[in-house]
Structures are given as C-alpha cells and as structure tokens.
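Now for the letters of each chain:
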Amino acid sequence: MVDSFDTTIAAAERAGICFDDASPPTSHRIQQTDEFELNFIDWGDDTGTKPTIIFIHGFLQQSRTWDFTCLALRSRFRCISLDLRGHGDSGRPVAPDYSTHYYLSDLHRLIDHLSHEMDIDRFGLCGLSLGGHLSYIYASEHPNTVDAIVVVDVAPEANREARKGINRYISALPKDGSFDALVDKVAKMSPMRSREAVRGSLLRATRLRPDGTWEWKNDPRLLERHRASFSPEDYWAALGKVTVPSLFVLGQNSKLVAPETVRRMVETVQGSSATYVPKASHRVPGDNPIGFIKAVSPFLDRYVLNSDVGRHRDVKLAPS
C-alpha cells in the first residue's frame, strides 16, 4: 500500500474531485539495475478489462503527483504511475547520472515489466514536463503499443525567462526545518493552491522524522546531476515521428511554452490538438486538478477507453 493515502482522499474530497473507489492503490518494486529498484503505483483493475494509462511525473516530482487524476479516472482506466530514478520512492544509482536517456530507460523498464508480468501490451501515456518529453519520445519509437499520448506543459523548446522562474522556485524550496514551516513557505510560493492542498502534496513528497523534521524523498543530488540528453532539434524530430492521437495540455498561467510553439507542435503532429487549463501554471494537474481532469477525460475516453478507435492512426482530432 502507499503511504499518506488518507490525506489524498481527504484533500480530494475538499477539492471536489469525483471518484467512486477510495481504496488505496498498491506500490510495487521492480529491479532496474543491480544497484537500485524502481517504484510504481498500480491503481488496479477490478474488472480485468480496463485499458491502461501510464503516468510520468516531471523533474523533482513523483508518482504521487498524479493521485487526484488517477483517483478520478480509475473507474474507467487502469492507472499506473512511475517514480523515475532518484525521485519519490524509487532507488538512487550509486554514481548518479540523471540524464534524460536514463529516465527514458526507466520508462522502458516499467513497460517491459507490465508486458511480461501483467500482460499489458497497449497503453496510453500521460506525462508532465520531463514526463511529457519521455511520452512523445517513446510514442515516436513504439507507435504500435501506444494508443494515445497526453503531453502536459512542455515543448521541444521553452521560454527562457519562464525556465529561469521555475529554477528560482526550485532554489527557494526549503531544505530543512520543521514540517509546518515547510508547508508555510511552499504555500506562499504556490498561490494557486490552498494550504491544505500544499500540505497533502508535501506529505507525499517528504519523509517525516520522529522529531518533526523532514527530508525530501528525492535524491538531493538530482539538481547537480541532471543533464539533457536531447537538443530541441532532437525533440522536434521525435515529435515529427509521432503518429498516435496526441493532446497537448498547457497551463493558462504558465509562460513556459509560447503560443507560437504550441501552434508548431499541433502542426508537427498530424491530427493533434492543444487545450489550455484555466487557473493553472506549470504544475497543471496539481494547480487545477478538476480543470485538468475535464480537459483530458474526453480525449482519453475516445482514444484509450475505446482502444479500437485509438489504433486508427489516420483519425483526426477535433480542435479544442
């Protein structure tokens, strides 16, 4: 079972998330290398017939980023969320190299496990930021196993000033102190979220010590060892090879992806579309969880729930 799930349910109810099943999902470990294991969360399939969606978090986030989304979608989909190496409850390489191609290998390892151990050979992909990059790179290389992709607030190229703003936010995050002080600080830095929502998110992102202090679950070496394996040209080339139904979701208050870049993405991926979620910045599923769920549900119902439709690569998406 996963920890702090009672806080997820309480926070989801306060946020107005609609869900039918409040049972906790299960946490699983799989060997990635001789050095460490990967953690993933399985929200279950009580019917044995639900189509699968794999959720991939952004840099310095974790599988629990998707709790509200998975809670709302689990009645129709088997939701599986991955902790990339060094993030959340996944292990840490002894000599850490947190380059993008290593994260991509983590996604490959999960998919290999799902295929061989759980008979899951087709799925949708939904990724935020770094997870969005991984989603469309994987889909470009394996179109016959992916029903559809949702790429959240990321593009082959980013607005530099917005990127600097995200880096400043990360640098300003506390590294020690009491948990209540951490909640106060992050709540001030996250005006789109209530203090209760921030507290619930931090309970899932940290480990609390008996003395009331805390530590981040993420490897503290992530920032200094994070490296981009792909250039913007590489990302554009990967997008150009995507043939599966694709939805680009942007936070209306996010400045990371310029409108002209969004238009180019839609033009690059034939039949794709883009939509903006109001009252959301870069961390769209957490900033406005109801808005995000409303934005992606019709697309996922059409191209993943109805997987026969999702397999027709010449289908056209209606513009948002």
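Residues numbered from 1 in each chain as written. Predicted model: local features only at pLDDT ≥ 70, side-chain atom pairs only at ≥ 80, totals over all residues. Heavy atoms only, no water.

The subject of this paragraph is the sheet that holds strand 12 (residues 273–277). One open sheet accounts for 8 strands, arranged 1-2-4-3-6-7-11-12; its pairing is mixed. The two strands at the open ends of the sheet, each matched to only one other strand, are strand 1 (26–31) and strand 12. The sheet shows a mean angle of 20° between the axes of neighbouring strands, taken without regard to direction. Two elements, strand 6 (residues 123–128) and strand 7 (residues 146–152), share 5 bridges in a ladder whose sense is parallel. Residue pairing for strand 7: Gly127 is matched across the bridge by Val151. Taken strand by strand, helix 4 (residues 130–141) contacts strand 3 (52–56), strand 6 and strand 7, and its axis lies near 145° from that of strand 6. (Pairing = 2+ DSSP bridges. Helix = DSSP H or I, 4+ residues; strand = E, 2+ residues; numbered from the N terminus. Axes fitted to C-alpha atoms, helices over the stretch in contact; angles between N-to-C directions. Contact = heavy atoms within 4.5 Å.)

Tracing the backbone shows Asn288 in the loop between helix 11 (284–287) and helix 12 (289–305). When residues no more than four places from it in sequence are discounted, the contact partners of Asn288 are Val277, Pro278, Lys279 and Ala280.

On to the pairing of strand 2 (residues 37–42), then. Burial analysis of strand 2 places 5 of its 6 residues in the buried class, which makes it a mostly covered element. If you look at the hairpin formed by strand 1 and strand 2, you'll find 5 residues sitting between the two strands. Pairing between strand 2 and strand 4 (residues 78–83): 4 bridges, direction antiparallel. The residue of strand 4 that forms the bridge with Ile41 is Ser81. (Buried < 20%, exposed > 50% of the residue type's maximum accessible area, 1.4 Å probe, protein only.)

Another point: the confidence of the model for the protein. Chain-level pLDDT for the protein is 91 on average; 95% of the residues reach the 70-or-more range. Low pLDDT, under 50, characterises residues 309–320; the stretch is placed with 37 contacts to residues that sit more than four places away or in other chains. (pLDDT = per-residue confidence, 0-100.)

Attention now goes to the packing of helix 4 against helix 9 (residues 232–240). With their axes 8 Å apart at the nearest point, helix 4 and helix 9 run at an angle of 50° to one another. Our classification of the angle between helix 4 and helix 9 gives oblique. Helix 4 and helix 9 meet at a crossing whose hand is left-handed. Facing helix 4, whose interface residues are His133, Tyr136, Ile137 and Ser140, helix 9 presents Tyr235, Ala238 and Leu239. Its residues assigned to classes, the contact of helix 4 with helix 9 shows 5 nonpolar, 2 polar and no charged. (Parallel < 35°, antiparallel > 145°, perpendicular 65-115°, else oblique. Left-handed = near helix turned anticlockwise from the far one by under 90°. Nonpolar A, V, L, I, M, F, W, Y, C, P; charged D, E, K, R; others polar.)

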